[in-house]
Each structure stands twice: as C-alpha cells, then as structure tokens.
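Here is how the chains run, residue by residue.
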Amino acid sequence: MAELSKKIFIVDDDPVLAEMLRDHLVKMTNYDVTSFSSGEECLKHLDQFPGIVFLDFYLDSVNKDAMDGLQVLQEIKKASPESDVVMLSGQDKIQVAVDTMKYGAFDYIVKGESAFYRAEKAVFNIYRYKKLQGNATRYKNMSLWLAIGVAALIMLVMWLQLTGKISDMPGWS
Amino acid sequence: MASFADLTFLKSFTGSDTAKITKYVTMFLNSTPKCLEDIKLYHSNQDWKSLKTAAHTLKSQLKYMGVAKAEELATTIERNAGDQTNLDQLGALIPDLESITLQACDELKDELTKL
C-alpha cells in the first residue's frame, strides 16, 4: 500500500481563518500544513502530493480574476486524483454542497466556530477511509492469489490423474 | 459604553494562548480598514458582486472576533448585494457596519494591551 500523504494544503484568501485553521490542524494532527491565498498558488505546488486540501469556495476577495473554488477543485482532481479535497464555505446552501460533491469533494464544511473541529474530524475520517481502502485492495489481491493457487492445484491434480501418475502415489487408491 | 467585541471564542479556541490571540487579533486589525474601504468603494461604484465578496470576507472575521452586531450587518449587506434586493438599505447599513467595526477595533486594541 502506498504511504498515506501527511501533507495538508489550506487554500483561503481570508488570512485570519487560514492561520487559525493551520494552527489548529498542526496542533491536533501530526500533519505538515501549508496555506496558500489562491487556488493558482496551490496548483503550482501539487507536485508536493498533498493528501488533503482544504479549499475555500470563494477565492476572489483579493484578486477579482482569481479561480473560484469549484474550478480549483476540478484542476486538483485532474492533476492529483489521490488528494482528497474538503470544501470550506461561509454559506450553508445545499446546492453548493451538492455541486462540490459532484466534482469529487470529500466533504463540505460551513465556516463558523465549529469549522475547526469539523476540519480536524475530516482529517481523521480521510485517514481512516484511506486505510480501509488500502486494506480492501490488499484483501482483494490476497483473494486473487489464493484463487490462482487453488486453480493451479486443481489443474495439477487433473494433470496427474490424466497422465496416470496420481495412482502411483503412496496412499492413493 | 457598549462593548462590541467579545474574545470568548478566541480564548476558548486557543486555550487562552496570548501569543495566538495577539496574532489573530493583529491580523484582523491590519486587514479590516482596507476591507471597510473596499466595501464603501464597491457600494459607491454599485459593484454588487465585489461588495458581496468583501462583506462575506469581513463577516467571517467578525464572527471569530465576537463582533456579533457587525457580523449581522455584514450578513445583511452580503445578502442584499448578492440578491440585488433592498439596495436602498445599503446606504444606511454600511456606515453602521463601519462605525461598529471601528469601535470593536479600538476595543480589541485595548484588549491586546491587557493580555
């Protein structure tokens, strides 16, 4: 199983929230946390393979032409499909949440006092999900090899029977 | 004098870590005047989309600094600008937002000296 990435990116043009979230995640998880004020900056650093990206929905408060959260989400999923994206938004509109999930977001967190706790929970949920996913792949591979082994054994027995060698074996009648 | 800022959340969030409270409050104090100027500018230019975004950004910061009255005003401004409804109210809401936020900033500066 590939090593789970212990790197988190935060993308938010609100410097106070980004700093508070960064401090909280550093304290509550053992992940390496980096923040960016724009989606464009985040995309330039995807070669660092972040395991989790916390991405603000609106990113145009500083630069009016900046990519919005949905555009950045789609680019992240194209360039780094293994990265799980958790959307952050100041609005709790269900349609916004549905749209982000449609484009592959893992979770959607409404900004507020509980957002920090929810972000911490999201990190643990993603970690647990990745581990389960890894275990499932391992068991699938084990089952496949077991099936191949049994099939090979059956074929060997059949070949021994066909060639008459099996009746010569001690204890076989 | 009425108190507008309330650091209860920040104290709880940081476990009363004065260095972190000082850092967050200072960041808020540094960014707020520009944000208020932007809000006034976008209103006078009738740039509703930018006004909505600026009010949205200020709103979340006001929430963490416990400036509930200004947060309510920023929420209304964001909604009115976003939906382009009750735009005539903005002329009264924005000066109120500025006045309360600036008073809260003064209180926060005082709080920093007491930490």
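Here is a short report on the structure shown in this document.

About the criteria used
Residues numbered from 1 in each chain as written. Chains lettered and ligands numbered in written order. Predicted model: local features only at pLDDT ≥ 70, side-chain atom pairs only at ≥ 80, totals over all residues. Heavy atoms only, no water. Helix = DSSP H or I, 4+ residues; strand = E, 2+ residues; numbered from the N terminus. Rg over C-alpha atoms; globule rule 2.2 N^0.38 Å. Buried < 20%, exposed > 50% of the residue type's maximum accessible area, 1.4 Å probe, protein only. Contact = heavy atoms within 4.5 Å. Areas by Shrake-Rupley, 256 points an atom, 1.4 Å probe, with all protein chains shown as cover. Lys, Arg positive; Asp, Glu negative; His and termini not counted. Charge placed at Lys NZ, Arg CZ, Asp CG, Glu CD. Pairing = 2+ DSSP bridges. Axes fitted to C-alpha atoms, helices over the stretch in contact; angles between N-to-C directions.

## Observations regarding the overall build of chain B
Inference 1: Along the backbone of chain B there are 5 helices and 0 strands.
Inference 2: Along chain B, helices and strands appear, N-terminal first, in the series α-α-α-α-α.
Inference 3: In terms of overall size, chain B behaves like a compact globule, its C-alpha atoms giving a radius of gyration of 14 Å where 115 residues would be expected to give roughly 13 Å.
Inference 4: Referenced to the eigenvectors of the C-alpha coordinate spread, the extents of chain B come out at roughly 40 × 25 × 20 Å.
Inference 5: Counting all 115 residues of chain B, 46% fall into the buried class.
Inference 6: The contacts in chain B between residues at least 6 apart in sequence include a share of 65% that link residues at least 24 apart.
Inference 7: Surface exposure of chain B reaches about 5600 Å², of which carbon and sulfur atoms provide 50%.
Inference 8: With 13 positive and 16 negative side-chain charges, chain B shows a separation of 5 Å between the mean positions of the two kinds.

## Focus on the sheet that holds strand S2 (residues 32–36) of chain A
Residue and element names in this part refer to chain A.
Inference 1: With parallel pairing, the 5 strands of this open sheet are ordered in space as S2-S1-S3-S4-S5. Looking at which strands have only one partner, the edges of the open sheet turn out to be S2 and strand S5 (107–110). Taking the axes of each pair of neighbouring strands and ignoring which way they run, one obtains an average angle of 20° across the sheet.
Inference 2: Relative to S2, strand S1 (residues 7–11) is paired through 5 bridges, and the arrangement is parallel. The residue of S2 that forms the bridge with Ile 8 is Val 33.
Inference 3: Packing of helix H4 (residues 94–102) onto the sheet brings it into contact with strand S4 (84–89) and S5, and relative to S5 it is tilted by some 150°.

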